[in-house]
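# Understanding the architecture of this molecule
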Amino acid sequence: MGLTEKRVRDAKASEKTRFEWDDHVRGLGLRITHGGAKSFVLNYRVGGAERRLTIGRAKEMSLAEARRRAIEVKEAACRGRDLLAETRQREAEPTVSNALDRFLTEYVPRRRQLGLMAESTARKYSLQIERHLRPALGKKRVRDVVQADVERMLRSAPEDTRKRGNKNPKGEPIPPIQANRVRALTMKFFRKCEDWGLREQGTNPARGVEKAREEARDRTLSAEELAALGQALANLEANPGGVLAIRLAALTGLRIGEIRSMRWDDVDMQSGALVLPKTKTGRRKHTLPTAALLLLSKAPRIGECVVPGRDPNTPLDDRAIRRVFEKACDVAGISGATVHDLRRTVMTQAAALGVSAHLLRDMVGHKTTAMADRYIRNAGEPLTELRERMGAGMAAMMGGAEPAAVAEIGKGRRRG
């Protein structure tokens, strides 16, 4: 008597695993384990070798579906294809989660060692991987990921990121800027998978995914907000290193990462020169305004770092700086501002003075062409004067320095 839907449904477990065979498709059977699990299996031959392939669990497919699948497998075997071997080979292929582990433990450290990746970039990669790539794609085989999978990942946050307190719960669209950063990382990750031979070259599933349209952020702080921020920082009982970093950001327009990386050996208090060994544009020499030098002259030197963390020879974590800024903004009644808005405020104030675009880029160290690099080297006096005027102006608006003291420390400084 062959298999029927009723026999499959009513089959009971026994002390040992047993099989019931079908009369319609030779070699097709129902396997019932001693625990009661039921699966369709198929015995067949390929090149004289016997094979037993598990077609699927009985609760997930009908007998008719199992028969169709069994016939397909036997027809493939007649053509010389061994689907069992292919299945085993496929199951042995690495998952996206396996490849992500390799990316984080092999590729990222190597780039860091070569000086081609900043610590902050490595940290962002790890965060994006754990929040987006691993939850959405981790269980898939590297070869199986398609463009639709990437697009689905970028549309909403995975469920388990919400469990970790992610501000973007499942179902809500990922902000455009964040989505584009995740897309770029996904592109880079699958490009490495191709290099490692885990996917065929030219099959990157992120290549055809369109970038989200980003709305340019134009938030700047007004003179009133700067004054309130300066007062809040003066009265804030918080990490003094964080307060120093925020004030330096406001006075110089430097990126917060550049301020974190400042070391006392890189600062020449006499000439006002600051050497930034590692920035987005490479090694750069930056002149500091007198107001910033006055601030530094009053800062305690307890280690190598200008803005030290718990270890005086290690920079303060940027998250700690942002927490100080958020607390100061709360006290000052400032809403919708970020630390980076201080840099944008400096640029906007400078633009209001009528300076050229090249001089503005040079002042804040934007990434530019080789021609612009020549402007950086040749700017000399105008660039130093611009930084001096901006530093003094920002200090006055924040109430962080007395004009007389600024003028005193600025006497005799070399220009250019």
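Residues numbered from 1 in each chain as written. Predicted model: local features only at pLDDT ≥ 70, side-chain atom pairs only at ≥ 80, totals over all residues. Heavy atoms only, no water.

Within the protein, the regular secondary structure consists of 18 helices and seven strands. Among the 416 residues that make up the protein, the fraction classed as buried is 43%. The long-range fraction of contacts in the protein, counting pairs at least 24 apart against all pairs at least 6 apart in sequence, stands at 58%. (Helix = DSSP H or I, 4+ residues; strand = E, 2+ residues; numbered from the N terminus. Buried < 20%, exposed > 50% of the residue type's maximum accessible area, 1.4 Å probe, protein only. Contact = heavy atoms within 4.5 Å.)

A few words now on the environment of E65. Inspection of the secondary structure puts E65 in helix α2 (residues 63-78). Note on E65: relative accessible area 36%, which makes it partly exposed. Sequence separation of E65 and I55 is ten residues, and the distance between their C-alpha atoms is 9.7 Å.

Overall, the prediction assigns the protein a mean pLDDT of 82, with 80% of residues at 70 or greater. Low confidence marks residues 159-170, where pLDDT is under 50. Its contacts with residues over four positions away, or in another chain, come to 19 contacts. (pLDDT = per-residue confidence, 0-100.)

Along helix α6 (residues 147-155), the positions that sit buried rather than exposed are D149, V150, M153 and L154. When α6 is viewed along its axis, its buried side chains cluster within an angular range of 130° and face the same direction. In this structure, the buried residues of α6 make contact with α5 (119-137) and α8 (176-195). (Arc of directions from axis to C-beta.)

Before going further, it helps to spend a moment on the nonpolar core. Formed by 51 residues in total, the largest nonpolar core has its most connected members in L229, L248, M262, V306 and L342. Sorting the residues of this core by element identifies α9 (223-235), α10 (240-252), α11 (256-260), β6 (273-276), α12 (290-298), α13 (318-332), α14 (340-352) and α17 (381-398) as the ones contributing at least two each. It is α10 that contributes the most residues to this core, eight residues altogether. In this structure, L229 is in contact with L221, F325, A328, A332, I334, L342 and M398, ignoring residues within four places of it in sequence. (Core = buried A, V, L, I, M, F, W, Y, C linked by side-chain atoms within 4.5 Å.)

Read across the sheet, four strands follow the order β1-β2-β3-β4 without closing on themselves; strand pairing throughout is antiparallel. Two strands lie at the open edges of the sheet, namely β1 (18-21) and β4 (49-57), each paired on one side alone. Averaged over all pairs of adjacent strands, the angle between their axes in this sheet comes to 35°, without regard to strand direction. When strand β2 (residues 28-32) meets strand β3 (residues 38-46), the two strands line up antiparallel, connected through five bridges. Bridging across to β3, G29 finds its partner in V41. Docked against the sheet, α2 engages β2, β3 and β4, running at close to 20° with respect to β3. (Pairing = 2+ DSSP bridges. Axes fitted to C-alpha atoms, helices over the stretch in contact; angles between N-to-C directions.)

Look at any regular strand and the pattern is simple: side chains alternate between the two faces of the sheet. Most of β2 is tucked away: four of the five residues are buried. Two elements, β1 and β2, share four bridges in a ladder whose sense is antiparallel. Bridge pairing links W21 to G29 in β2. What sits between β1 and β2 in their antiparallel hairpin is a turn of six residues, with G27 showing a positive phi close to 95°.

Pairing in this open sheet of three strands is antiparallel, and the strands run β5-β6-β7 from one edge to the other. Of all strands in the sheet, those with a lone pairing partner are β5 (267-268) and β7 (284-287), marking the two edges. In this structure, β5 lies alongside β6, joined through two bridges in antiparallel fashion. Note that in β6 the partner of V267 across the bridge is L274.

To continue, consider the pattern of salt bridges. Across all of its chains, the model carries 21 salt bridges by this definition. We note a salt bridge from E20 to R7, for which the minimum N-O separation is 2.8 Å. Of this pair, E20 sits in strand β1 while R7 is found in helix α1 (residues 5-10), placing the two residues 13 residues apart along the sequence. Among the salt bridges present, the one from D317 reaches R319, with a minimum N-O distance of 3.0 Å. Note on D317: relative accessible area 26%, which makes it partly exposed. Look at the salt bridges and you will find they share partners, linking K6, R9 and D10 into a network. (Salt bridge = Lys/Arg side-chain N within 4 Å of Asp/Glu carboxyl O.)

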